[in-house]
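Coordinates in review
Spelled out from the first residue to the last, the chains are:
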Amino acid sequence: MKLFRLSILVLLIFCSSKNFAQNSKIQTQLVPEIQTQLEDTTSNWTKKNKLGFDLTQIAFVNWSAGGTSSISGLFKGEFSRTYTHGNHKWANELLLKYGLNKQDGIELRKTDDAFLFNSTYGFRKDTLSNWYYSAKFNFNSQFTNGYSYPNTDNPISKPFAPAYVFLGAGAENANKEKNRTFYFSPVTLKTTLVLDQVLANQGAFGVKKAVYAPDPLDPNTQILIEKGEKIKAEFGILLTGYTKNEIFKNMFFENRLSLYTDYLNRFGNIDIDYATRLDLVVNEYVKANVGVHFVYDDDIKSKKEVNGEQVTEGPKAQLKQVLGVGVVYAF
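Predicted, not measured: the structure shown is a model, and the values here were computed from it.

Let's talk about the sheet that holds strand S4 (residues 109-123)
Around the barrel, 12 strands lie side by side as S1-S2-S3-S4-S5-S6-S7-S10-S11-S12-S13-S16; this closed barrel has antiparallel pairing. Neighbour to neighbour, the strand axes of the sheet diverge by 20° on average, direction disregarded.

Now the structure itself:
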């Protein structure tokens, strides 16, 4: 009897130990799987999406001082995707703008039009440094035709006419805490695209214009000998900068600067593109902004209307000022 009881006790101990070993084995197998799942759900991507719409309206009814009723709308989109892993960083940014204005008795007119894409890849030696070895790609164009109003028969710009492409390599200093980025590239290829043959024949935006010769049968008529080129390539130095700071509570000051000069064509003649904006945050969805955009490019010739005809003048400083109040949705 004692032997039977002892046998039962040994059997229970053996089964319990075997069951405990199996449970321990299952737990050790599950833990790495759970950890792997947690690691897989951790993304190295950060994203920001922002959509905005500014509306300005003024109306007059029997107003003794006079005036013209008008309404303006401006759509804005800002999207960013940034990948960071170890010493690698890949930042992508897409900026969209499109605005229209309608005045009483005047046709619908465009007020703003921009499509801008930036992509920068950087590598740094250690995680403490703010300096990156970087390569940058930039594309800039527009959505619809542009006109020198009131002339709407002859566009002075079109989608991909112009379009600007920058591709280069250099060094970037990015400080996330101060929201500041500076980039310098001594080797940058700038390509100007004018993919409309009419504008290319005019030599718009710096491309080589068409060659004409007098018609032997009619001296007042010009014969097209050689079409204008649609692509202009330059090789030079690019410097860009970006800062955004909260100067007062709910007041953010943003600056974007781009400077470029070509090695082969009048080195030292600098193309300037500078945009500054002050954002006033009312609440999560309502914001006001004041912005100024300054551009100077020696290849862009200004045009004006003289007796119903477009006359091309020399390069001039371009200035645009924007004041808007609207709604913003971030997601």
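A word on unusual backbone geometry
Of note, the amide linkage connecting Tyr149 to Pro150 takes the cis form, showing an omega dihedral of 10°. Residue position: Pro150 is located in the loop between strand S5 (131-141) and strand S6 (163-175). Positive phi, close to 65°, is recorded for Phe160, a residue that is not glycine. Examined against the element boundaries, Phe160 turns out to sit in the loop between S5 and S6. Judged by relative accessible area, Phe160 falls into the partly exposed class, the value being 39%. In the Ramachandran plot, Asn250 falls in the positive-phi region, its phi being about 65° despite a non-glycine side chain. With respect to the element layout, Asn250 can be found in the loop between strand S10 (231-248) and strand S11 (251-262).

Brief notes about the layout of surface pockets
A volume near 250 Å³ is recorded for the second largest pocket. Elements supplying a minimum of two residues to the lining of the second largest pocket: strand S1 (45-58), strand S2 (70-85), S4 and strand S16 (318-330). Here the lining of the second largest pocket is built from residues that sort into 4 nonpolar, 7 polar and 3 charged.

Structural notes on the pairing of S5
Taken together, the 9 bridges between S4 and S5 define a ladder with antiparallel strand orientation. Within the sheet, the bridge partner assigned to Tyr121 lies in S5 and is Ala135. Note that S5 and S6 share 10 bridges and pair antiparallel. Of the residues in S6, the one forming a bridge with Tyr133 is Ala171.

What counts as what
- Residues numbered from 1 in each chain as written.
- Predicted model: local features only at pLDDT ≥ 70, side-chain atom pairs only at ≥ 80, totals over all residues.
- Heavy atoms only, no water.
- Pairing = 2+ DSSP bridges.
- Helix = DSSP H or I, 4+ residues; strand = E, 2+ residues; numbered from the N terminus.
- Axes fitted to C-alpha atoms, helices over the stretch in contact; angles between N-to-C directions.
- Buried < 20%, exposed > 50% of the residue type's maximum accessible area, 1.4 Å probe, protein only.
- 1 Å grid on protein atoms, 1.4 Å probe; cavity = no way out; pocket = protein on both sides within 12 Å on 5 of 7 lines; lining within 4 Å.
- Points joined across faces, edges and corners; volume = space filled by probe spheres on them.
- Nonpolar A, V, L, I, M, F, W, Y, C, P; charged D, E, K, R; others polar.

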